[in-house]
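# Structure at a glance
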Amino acid sequence: MDEKLLIRKAAEARTFSYSPYSGYMVGAALLTSSGKIYQGCNIENAAFTPGICAERTAFAKAVSEGEMSFEAIAVVGGPKDAGPEYAYPCGVCRQVMMEFVDPRKFRVVVGRDETDYSVHALSELLPFGFGPDNLNNTPD
Ligand code: THU
């Protein structure tokens, strides 16, 4: 799958960001092994803590529709009044990814647009990560 398409889909999702408190708009596009793309944006809240990041919105949409196998995620984020910057996933989102993917294979695409981005394995962003394999009751 074309990483440029995934970046474009993340930029599109970013336009739906609900971020009146931080003014930081983020979009994500999550690619499943079957080739489907789930988009997500960050959704903030007046009570602050219920806010959710774009990456976890995309994972929640996908997993809640039965998807369990993922190839890559693209993230495009930055302040509302400026263009996108390299917005790397927060630690909580890295951990959520770790739950559902092989960290050496899953790619995280971060960038400004389809001409300016970089690709990392999740294992680069979350080295020595703790995941389902560390527990005895590993999900099927
Ligand atoms: N945010 C994301 O959506 N993804 C990240 O990985 C980093 C942060 C959002 C959360 C919050 O709505 C805003 O960016 C500022 O932290």
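Here goes a summary of the coordinates provided. The structure displayed is predicted, hence computed values, not measured ones. (Residues numbered from 1 in each chain as written. Predicted model: local features only at pLDDT ≥ 70, side-chain atom pairs only at ≥ 80, totals over all residues. Heavy atoms only, no water.)

### Considering the overall build of the chain
A tally of helices and strands in the chain yields four helices and five strands. Taken from the N to the C terminus, the helices and strands of the chain come in the order α-β-β-α-β-α-β-β-α. For the chain, the C-alpha radius of gyration of 14 Å lies close to 14 Å, the compact-globule estimate for 140 residues. Along the longest, intermediate and shortest principal axes, the C-alpha atoms of the chain span 45 × 35 × 30 Å. Long-range pairs, those at least 24 residues apart, make up 61% of the contacts in the chain between residues at least 6 apart in sequence. Accessible surface, the chain: about 7500 Å² in total, of which carbon and sulfur atoms supply 54%. Averaging the positions of the 13 positive and the 18 negative side-chain charges in the chain gives two centres separated by 2 Å. (Helix = DSSP H or I, 4+ residues; strand = E, 2+ residues; numbered from the N terminus. Rg over C-alpha atoms; globule rule 2.2 N^0.38 Å. Contact = heavy atoms within 4.5 Å. Areas by Shrake-Rupley, 256 points an atom, 1.4 Å probe, with all protein chains shown as cover. Lys, Arg positive; Asp, Glu negative; His and termini not counted. Charge placed at Lys NZ, Arg CZ, Asp CG, Glu CD.)

### With respect to the pattern of salt bridges
Under the counting rule described, the total for this entry stands at six salt bridges. The shortest N-O distance in the salt bridge between D102 and R104 comes to 3.3 Å. For K105, the salt bridge goes to D102, with nearest N and O atoms at 3.9 Å. K105 sits in the exposed class, given a relative accessible area of 64%. Within this structure, D102, R104 and K105 form a network of salt bridges that share partners. (Salt bridge = Lys/Arg side-chain N within 4 Å of Asp/Glu carboxyl O. Buried < 20%, exposed > 50% of the residue type's maximum accessible area, 1.4 Å probe, protein only.)

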